[in-house]
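Each chain is listed here by its residues.
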Amino acid sequence: MKVLVAVKRVVDANVQIRVKSDNSGVDVSNVKMSINPFCEIAVEEAVRLKESGVAEEVIVVSVGADACQEQLRTALALGADRAIQVQTEADLEPLAIAKLLNKVVEREDISLAILGKQSIDGDNNQTGQMLAALAGMSQGTFASNLEIENGEAIVTREIDGGLQKVALKLPSLITTDLRLNEPRFASLPNIMKAKRKPLVQITPEELAVDISPRLTTLEINTPAARAVGERVATVSELVEKLKVEGVL
Amino acid sequence: MTRESMEFDVVIVGAGPAGLSTACRLMQQANAAGEELMVCVVEKGAEVGAHILSGAVVEPRALNELFPDWQALGAPLTVPVLEDQIYYLNSAKKSIKIPNALAPKPMHNQGNYVASVGNLCRWLAEQAEQLGVEVFPGFAAAHVIYDEQSGRVAGIGTGDMGVDADGNAKDTYMAGMDLLAKYTVFTEGCRGHLGKELIKKFALDEGKDPQHYGLGIKELWEIDESLHQPGLVLHGTGWPLSESSSTGGFFLYHSDNNQVVVGLITDLNYSNPNLSPYDEFQRMKHHPLIAQYLSGAKRLSYGARAIAKGGLHSLPKMTMPGALLLGCDAGTLNFSKIKGTHTAMKSGMLAAEVLFPELMKKDQGGHDLVQYDEHLKQSWLYDELYKGRNFGSAMHKFGTFVGGMYNVFEQNIVSLPFTIRDPKPDYLCLKPASECSPIEYPKPDGRLSFDKSSSVFLSNTNHEESQPCHLHLQDASVPVLHNLPTFNEPAQRFCPAGVYEVLESEDGSPRFQINAQNCVHCKTCDIKDPAQNITWRVPEGGGGPNYPNM
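Residues numbered from 1 in each chain as written. Chains lettered and ligands numbered in written order. Predicted model: local features only at pLDDT ≥ 70, side-chain atom pairs only at ≥ 80, totals over all residues. Heavy atoms only, no water.

Turning next to the overall build of chain A. Tallying secondary structure elements over chain A gives six helices and 11 strands in all. Its C-alpha atoms give chain A principal-axis dimensions of roughly 65 × 45 × 40 Å. Sorting the 248 residues of chain A into buried and exposed places 46% on the buried side. Once local pairs closer than 6 in sequence are excluded, the contacts in chain A between residues at least 24 apart make up 71%. Looking at chain A as shown, the accessible area adds up to about 13,000 Å², and 50% of this sits on carbon and sulfur atoms. (Helix = DSSP H or I, 4+ residues; strand = E, 2+ residues; numbered from the N terminus. Buried < 20%, exposed > 50% of the residue type's maximum accessible area, 1.4 Å probe, protein only. Contact = heavy atoms within 4.5 Å. Areas by Shrake-Rupley, 256 points an atom, 1.4 Å probe, with all protein chains shown as cover.)

See below:
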C-alpha cells in the first residue's frame, strides 16, 4: 500500500505573526518556518503505518516555492521515503492544491492519503475534503485514531460532543486531528540520510492543472486589541454595568 | 542507556558568525585542495539565526576576505551607514551632540552597514551548506566529551530530547548523540556554558583579567516613513544609567523597510543591586532624542543578550588539546568599536587556516594547536584588539566622561604605552542594598515603554514545558537566605525576561521562583549572580527565542 502525505510550509507556531503595514498580508521575511503541525502528525501516522508493515511506501508532497523543500526534507528525516515538490511561486487556494494533489494521487496509485485537517495559517479546513471528492476516495476527517484492517480504514473522528468511529473502504483520505499521535524528533543520522533521499520537482503545467485564483484577498487585519478591563466594587455595580452595556 | 555516536573531522558548536566562518573557511580550503572534510555545526536555536541578537553596525572586513563576492551572493548587508551621531544624555530631557572630531575614531562607521546579524548568519549557513557543511539547528551541545586517557576534548554530546521535568523519558524520548571529532570548535557566543567549563578545566584564563560583560537589550521598531533615514546611526551614553553611577551606552540604527533598532547596553559591573537594566532601557526610550523617532511607532520585536567586552586583557588562551574557543565564547569583541561580528568571523577564519593543514596530516587529531596564537598575533584582529585594549577598562576605572576622554586621546591622537586593567569580576561589584539608594522606575506607558511579559512575548520565546529546569541552582537556599537579605535578590531585576521572581509562600515567607520557559538565553544570571550560584545549562534543543531580523 502506498501512502501519500501532503505537507505545508507555514510560519512556526511559536512565532507571533505580524500583519504588513499595508495590510496586504503577513510579514514572513526571515521568520522561522515549519511543517504545519497537523501535517507533521500526518507524516508521523504514515511512518508508523510503514513501521508496522501496513504501508510499503510513504510519499510526501508539498506545493510551493523551493523553500518548501526544507519541510519536505524534514518529513524525509522523520521517515518518509521520497518527496515530490509541485513547484509554484503562486499563493494557491485549497481547490487548486486539491486538484494538484489529485493528479499526484492518480500518478502514484495511492491507496491512502493523509493530510492535516487544516493549516495553521489559512485555517481553511478544505483541502482534504476537496481532494477526497476529486479523487473519489472515502474520507475520514478529524481523525484521532486510525487502523487499517481487511482493506478498510477504521477511523475514530473527533466530532462535537464525542467520538465517532467509521469504517471506510480503501482508497481513503484521512485528515488528522491533534490527538492522533505525537510526532517524533528527527535524529541527526536521519537528517543526514534525508538529504540523499529522492526529491523530484514537477510543475502545475506538467500536471495540467488550472491553478488560477477564484478569490481576491481584499485586506488582512490584526484582530482588534482587547479593551482594558474595569474593576467593580460590588455585585450590584457589576449588574448595573452589564445592564448599561446591554448584556443583561 | 547507550548513546549512538558519529565521527567528524571538525564539530562546531554554535551557528553564529564565528562558527559559520570557521566552517566556510575550512570547506573553502578543502574544496580548493580537492580534499574531503566532514564538518558539522550544531545550533541550539530552532533555526540558524533564532538566537542571534546584535545591534548591529557590521564592519565588512572579515566578510570581504571570506566571500569577496558577498554582494553578488546576496549577503544581507544592504544599508550602508551614511551618518554617525554621538550624544551624551545629561538628563531625562537634555542631550549634547558630541562633534565627530571629538569622538574616538573606532566609533566612526564609514564603510560599515546597518544589518541584522541573525540574517547574516542565515545567509552564512546557506553558504556553508553549499560548501558541504552539515548544519544542524535544533540540536544543543549539552556536554563536552573528553578522551578518558589523554583528557583531550574529543567532541560533544547533544542533549536528550523528550525528557520530563523529573528526568523521566516521555513517549517522544530520543537519546542525545555523541558527536566525536578530531577537533571541536566552541563558538557559543558570550558566556557559553561549555566554554565556561573549558576555561576552568584547562585554566585558559590564567594570568588574564576576568572577563567583563554588558547586557544588551534591543528592540526592533517600525517607524513613520517621514522620520526614517536609512543609514543614520546614533550612539550615546549618560542618562539614565548615570543616575545610579552605572555605565553603558545606547544605540539607535535606521535600517531598511522603515525599521529602526534601538537598544541599551548596561555594563554588568554596576554596583547598585536595585538597578534593572530592563527598566533603564524602557525609560531611556522616553528621552526626546529617542522618542522623536519612536512616538506613534510600532514595536516589532524584543530580545536581550550579554556581550563579552573585556577585550585583550581578558582574552583567554584560545586553544586546548582537541579544541578551540573562538569569537565571543572567548571574547574577541572589539569594545572600542562596540563590534564583535567581524572579529568573531576573523577568529573563526584564522582557526580554519590553522585547522586545515593540521587535518591534512590525517592523524587522530586532538593536539593543542598553540600555533593559533601566533597566527592570531600576525592578523589585523590582534592589531585591533591591542589598540582597543584599554577602552573598556578606562571606562570602568574613570567613568564614562574621563574614561571617554582618555579613549578619545588614545584612539585618535597617540597610542599610549601603558595598560589599564580591571581585575574585579562583575559579580563582585554589587554593594549591599542597604548601602544603595532605591530606584523608582516609572510605570510603562504601553506606547514607548512596556512591561517585561509583553516584551518576552515579542521574542517568540518557547521552551517545551515539560522538561528539567535548565537554570540550575548549586544551592537552592542561596537566593532567599543570602541574596534576598543582602542584595534584595538582584536576579529579579537583572534578568530581562522575568525568569526570576521572589514570591510569598502561603505561610508568608519569601519563595524564589524560576520561570525557565521565559529564558531568552542571554546568560546574565550566570554572569551577575553575586553568589555565582546560578548555572545556565542548555534546555532541550530548539527551545529559546525565535528572533526574526535581530
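For the rest of this paragraph, the subject is the overall build of chain B. The number of helices and strands found in chain B is 15 helices and 24 strands. The C-alpha atoms of chain B give a radius of gyration of 22 Å, which matches the 24 Å a tight globule of 550 residues would have. Projecting the C-alpha coordinates of chain B onto the three principal axes gives extents of approximately 65 × 60 × 45 Å. Scored against the burial criterion, the 550 residues of chain B give a buried share of 64%. In chain B, 78% of the contacts between residues at least 6 apart in sequence involve partners at least 24 apart. (Rg over C-alpha atoms; globule rule 2.2 N^0.38 Å.)

Before going further, it helps to spend a moment on a nonpolar patch on the surface. Where nonpolar side chains cluster on the molecular surface, the patch consists of A:Val235, A:Val239, A:Val247 and A:Leu248 and spans about 390 Å² of accessible area. A residue is classified by how much of its surface remains accessible, and A:Val235, at 64% relative accessible area, is exposed. (Patch = residues over 30% accessible without salt bridge, like charges linked within 9 Å, V, L, I, M, F, W, Y side chains within 5 Å. Salt bridge = Lys/Arg side-chain N within 4 Å of Asp/Glu carboxyl O.)

All names here are of chain B. Read from one edge to the other, the open sheet built from three strands follows the order E3-E7-E4, with strand pairing classed as antiparallel. One side of each edge strand has no neighbouring strand; the edge strands of this open sheet are strand E3 (57-58) and strand E4 (79-80). In this structure, E4 lies alongside strand E7 (residues 113-114), joined through two bridges in antiparallel fashion. By the bridge assignment, proline 80 is partnered in E7 with tyrosine 113. (Pairing = 2+ DSSP bridges.)

Next up on the list: the UniProt feature "domain: ETF-QO/FixX C-terminal" (unreviewed entry) in chain B. According to UniProt, the positions carrying the feature "domain: ETF-QO/FixX C-terminal" (unreviewed entry) are residues 446-547 of chain B. Along residues 446-547 of chain B, the helical share is 25% and the strand share 16%, with 21 Å between the first and last C-alpha atoms. (UniProt positions renumbered as here; feature names shortened; annotations may be inferred.)

Attention shifts here to the domain arrangement of chain B. One frequently used descriptor of interface size is the decrease in accessible area upon assembly of the parts. The assigned domain composition of chain B is domain 1 (4-68 + 118-208 + 316-387) and domain 2 (391-420). The straight-line distance from the C-alpha centre of domain 1 of chain B to that of domain 2 of chain B is 32 Å. (Domains from an automatic or database assignment.)

This paragraph deals with helix H3 (residues 117-131) of chain B. Residue and element names in this part refer to chain B. Taking 1.5 Å as the rise per residue, H3 with 15 residues should run 21 Å; its terminal C-alpha atoms sit 20 Å apart, in good agreement. Within H3, 12 of the 15 residues are buried, which leaves the element mostly enclosed by the surrounding structure. Of the surrounding elements, those touching the buried residues of H3 are helix H1 (17-33), E3, helix H2 (61-66), strand E8 (134-137) and helix H8 (341-359). Looking one or two residues past H3, glycine 132 carries a phi angle of roughly 110 degrees, positive in sign. (Expected span 1.5 Å × (residues − 1).)

Let's shift gears to the nonpolar core. All names here are of chain B. Membership of the largest hydrophobic core comes to 85 residues, with the highest contact counts inside it found for Leu179 and Phe186. The leading source of residues in this core is H8, at nine residues. Apart from the residues lying within four places of it in its own chain, the contact partners of phenylalanine 186 are Val13, Val144, Val153, Ile156, Leu194, Leu198, Ala323, Leu324, Leu325, Leu326 and Asp329. Counting 79 residues, the second largest nonpolar core, distinct from the first, contains Ile223, Leu252, Leu458 and Phe487. (Core = buried A, V, L, I, M, F, W, Y, C linked by side-chain atoms within 4.5 Å.)

The next point concerns the interface of chain A and chain B. Facing 19 residues of chain A, the contacting portion of chain B comprises 30 residues. For the pair chain A and chain B, the number of links is two salt bridges. Here B:Glu134 and A:Lys195 are joined by a salt bridge, their closest N and O atoms 2.7 Å apart. Our count for the contact surface shared by chain A and chain B stands at six residue pairs in polar contact (both at pLDDT 80 or more). (Polar contact = N/O pair within 3.5 Å; in protein donor to acceptor, adjacent residues only side chain to side chain.)

Residues and elements named next belong to chain B. Of note, glutamine 211 is situated in the loop between helix H4 (193-201) and strand E14 (213-222). Of note is the side chain of glutamine 211, whose polar atom sits 2.8 Å from the backbone nitrogen of glycine 310. Reaching out from glutamine 211, the side chain makes a polar contact with the backbone oxygen of alanine 330 at a distance of 3.2 Å. Discounting residues that sit within four places of it in the chain, glutamine 211 has contacts with Ala308, Lys309, Gly310, Gly311, Ser314, Ala330, Gly331 and Asp426.

This part covers the pattern of salt bridges. One side chain can pair with another of opposite charge once the charged atoms of both are near each other. Taken as a whole and assessed by the stated rule, the structure comprises 38 salt bridges over all chains. Two residues, A:Asp177 and A:Lys117, come together in a salt bridge whose shortest N-O distance is 3.2 Å. Within this pair, whereas A:Asp177 is found in the loop between strand E10 (172-176) and helix H5 (188-194), its partner A:Lys117 is found in the loop between strand E6 (112-116) and helix H4 (127-135), the two being separated by 60 residues in sequence. Comparing A:Asp177 with A:Lys117, the two get one shared label, buried. Linking B:Lys285 and B:Glu219 is a salt bridge whose minimum nitrogen-to-oxygen distance equals 2.6 Å. With a gap of 66 residues between them, B:Lys285 in the loop between helix H5 (277-284) and helix H6 (288-294) and B:Glu219 in strand E14 connect regions that are remote in the sequence. Summarising the burial analysis for this pair, B:Lys285 and B:Glu219 share the class buried.

Residues and elements named next belong to chain B. In this fold, alanine 297 is placed in the loop between H6 and strand E18 (298-308). For alanine 297, a relative accessible area of 17% translates into the label buried. The spatial distance from the C-alpha of alanine 297 to the C-alpha of histidine 313 is 42 Å, given a sequence separation of 16 residues.

All names here are of chain B. Orientation of H1 relative to H3, taken along the N-to-C sense of each, is 25 degrees, at an axis distance of 9 Å. Classified by the interaxial angle, the pair formed by H1 and H3 is roughly parallel. Read as a crossing pair, H1 and H3 show a hand that is left-handed. Mapping the contact onto sequence places Pro17, Leu20, Ser21, Cys24, Met27, Gln28 and Asn31 in H1 and Val117, Cys121, Leu124, Ala125, Gln127, Ala128 and Leu131 in H3. (Axes fitted to C-alpha atoms, helices over the stretch in contact; angles between N-to-C directions. Parallel < 35°, antiparallel > 145°, perpendicular 65-115°, else oblique. Left-handed = near helix turned anticlockwise from the far one by under 90°.)

This brings us to the sheet that holds strand E5 (residues 83-89) of chain B. All names here are of chain B. Here we have seven strands laid out as an open sheet, ordered E6-E5-E15-E16-E17-E14-E18, and mixed in their pairing. Sheet topology places strand E6 (95-98) and E18 at the edges, where each strand pairs with a single neighbour. Adjacent strand axes in the sheet meet at a mean angle of 20 degrees when their direction is disregarded. Where E5 lies against strand E15 (residues 232-238), seven bridges are found, and the strand directions are parallel. Paired with tyrosine 87 across the bridge in E15 is glycine 236. Set on the sheet, H5 makes contact with E14, strand E16 (248-254), strand E17 (259-267) and E18; between it and E17 the angle comes to about 135 degrees.

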